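Report on the structure
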Amino acid sequence: MAQISIQIGDSTKRDAERICSKIGLSLSTAINIYLKKIVNENGIPLELTADPFYSKKNMDRLRASIHQMETTGRTVHQVDFDD
């Protein structure tokens, strides 16, 4: 069995342990689950984004706005971002 050593902030470790405990897992078990998920999915099993502008929700909103402008001939319309 291999051993991994990582460094994380004290509060991050404490918070992660608290959350894992609430769902009945040790932090070590949770990390093992995460690593197995990486292997099973052949990649990182979560969405990594550098800028929320490029989120799927926002890109879908932008495509819909472009479509609306193209079909109506308008150039600007108000958008409610709370949807």
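Positions within a chain are numbered from 1, following the residues in the order the chain's sequence is written. In keeping with the predicted nature of the model, local features appear solely for residues at pLDDT of at least 70, side-chain atom pairs appear and are counted solely at 80 or more, and the whole-chain, interface and lining totals rest on all residues. As a rule here, side-chain values come from all non-hydrogen atoms in the structure, and water together with hydrogens is ignored.

**Quick word on the overall build of the protein chain**
Starting at the N terminus, helices and strands are each numbered in turn, a helix being any DSSP run of H or I of at least four residues and a strand any DSSP run of E of at least two. Looking only at helices and strands, the protein chain features three helices and zero strands. Each helix and strand of the protein chain, placed in order from N terminus to C terminus, yields the pattern α-α-α. The buried share among the 83 residues of the protein chain stands at 5%. In the protein chain, the proportion of contacts linking residues at least 24 apart, taken out of those at least 6 apart, comes to 7%. Accessibility throughout is a Shrake-Rupley quantity obtained with a 1.4 Å probe, and a residue counts as covered only by protein chains that appear here. Within the structure as shown, the protein chain displays about 7,600 Å² of accessible surface, and the carbon and sulfur contribution to it stands at 55%. Accessible area is worked out with a 1.4 Å probe on protein chains only. A residue is then buried under 20% of its type maximum, exposed over 50%, and partly exposed in between. Contact criterion: two residues are considered in contact whenever any of their non-hydrogen atoms come within 4.5 Å of each other.

**Some remarks on helix α1 (residues 10-22)**
Between its terminal C-alpha atoms α1 stretches 18 Å, which fits the 18 Å expected from 13 residues at 1.5 Å a residue. At the C-terminal side of α1, G24 shows a positive phi close to 85°. Each helix should span, by expectation, one fewer than its residue count multiplied by 1.5 Å.

**Remarks on the layout of surface pockets**
In this approach a probe as big as a water molecule rolls over the atoms, and the regions it shows empty are the leftover space. Every definition here rests on a 1 Å grid over the protein atoms only: cavities are sets of points where a 1.4 Å probe fits but cannot get out, pockets are open sets enclosed by protein on both sides within 12 Å along at least five of seven lines, and lining residues have some atom within 4 Å of a point. Grid points are joined across faces, edges and corners, and a volume is the space filled by probe spheres set on the points. For the largest pocket, the calculated volume is near 470 Å³. If you go around the largest pocket, you meet 16 residues; those closest to its centre are I4, S28, I31, N32 and L35. Those elements giving two or more residues to the lining of the largest pocket turn out to be α1 and α2 (27-41). Per-element accounting of the lining of the largest pocket gives the leading share, six residues, to α2. Classifying every residue of the lining of the largest pocket gives ten nonpolar, five polar and one charged. In this classification, Asp, Glu, Lys and Arg are treated as charged, Ala, Val, Leu, Ile, Met, Phe, Trp, Tyr, Cys and Pro as nonpolar, and every other residue, Gly included, as polar.

**A word on the pattern of salt bridges**
Any Lys or Arg side-chain nitrogen found within 4 Å of a carboxyl oxygen on Asp or Glu counts as a salt bridge. Enumeration according to the criterion identifies five salt bridges in this entry. Ionic pairing is found between K13 and E17, a salt bridge with its closest N-O pair at 2.8 Å. Of the two residues, K13 and E17 both sit in helix α1, four residues apart, roughly one turn of that helix. Using a relative accessible area of 38% as the deciding quantity, one classes K13 as partly exposed. Note on E17: relative accessible area 33%, which makes it partly exposed.

**A short note on the side chain of N58**
One can find N58 in helix α3 (residues 56-72). With a relative accessible area of 16%, N58 lands in the buried category.

**Examining α3**
Taking 1.5 Å of rise per residue, 17 residues should cover 24 Å, and α3 covers 24 Å from first to last C-alpha, within 8% of that figure. Once α3 finishes, G73 follows within two positions and takes phi at roughly 80°, a positive value.

**Let's talk about a nonpolar patch on the surface**
The patches reported here contain residues having more than 30% relative accessible area and no salt bridge. Joining distances are 9 Å for like charges and 5 Å for nonpolar side chains (Val, Leu, Ile, Met, Phe, Trp, Tyr). Taken together, the side chains of I4, I6, I8, I31, Y34, L35, I44, L46 and L48 make up a nonpolar region of the molecular surface, amounting to roughly 840 Å² of accessible area. Along the chain, I6 turns up in the segment before α1.

**Let's talk about unusual backbone geometry**
Despite not being glycine, N42 shows a phi value in the positive range, around 55°. Along the chain, the position of N42 falls in the loop between α2 and α3.

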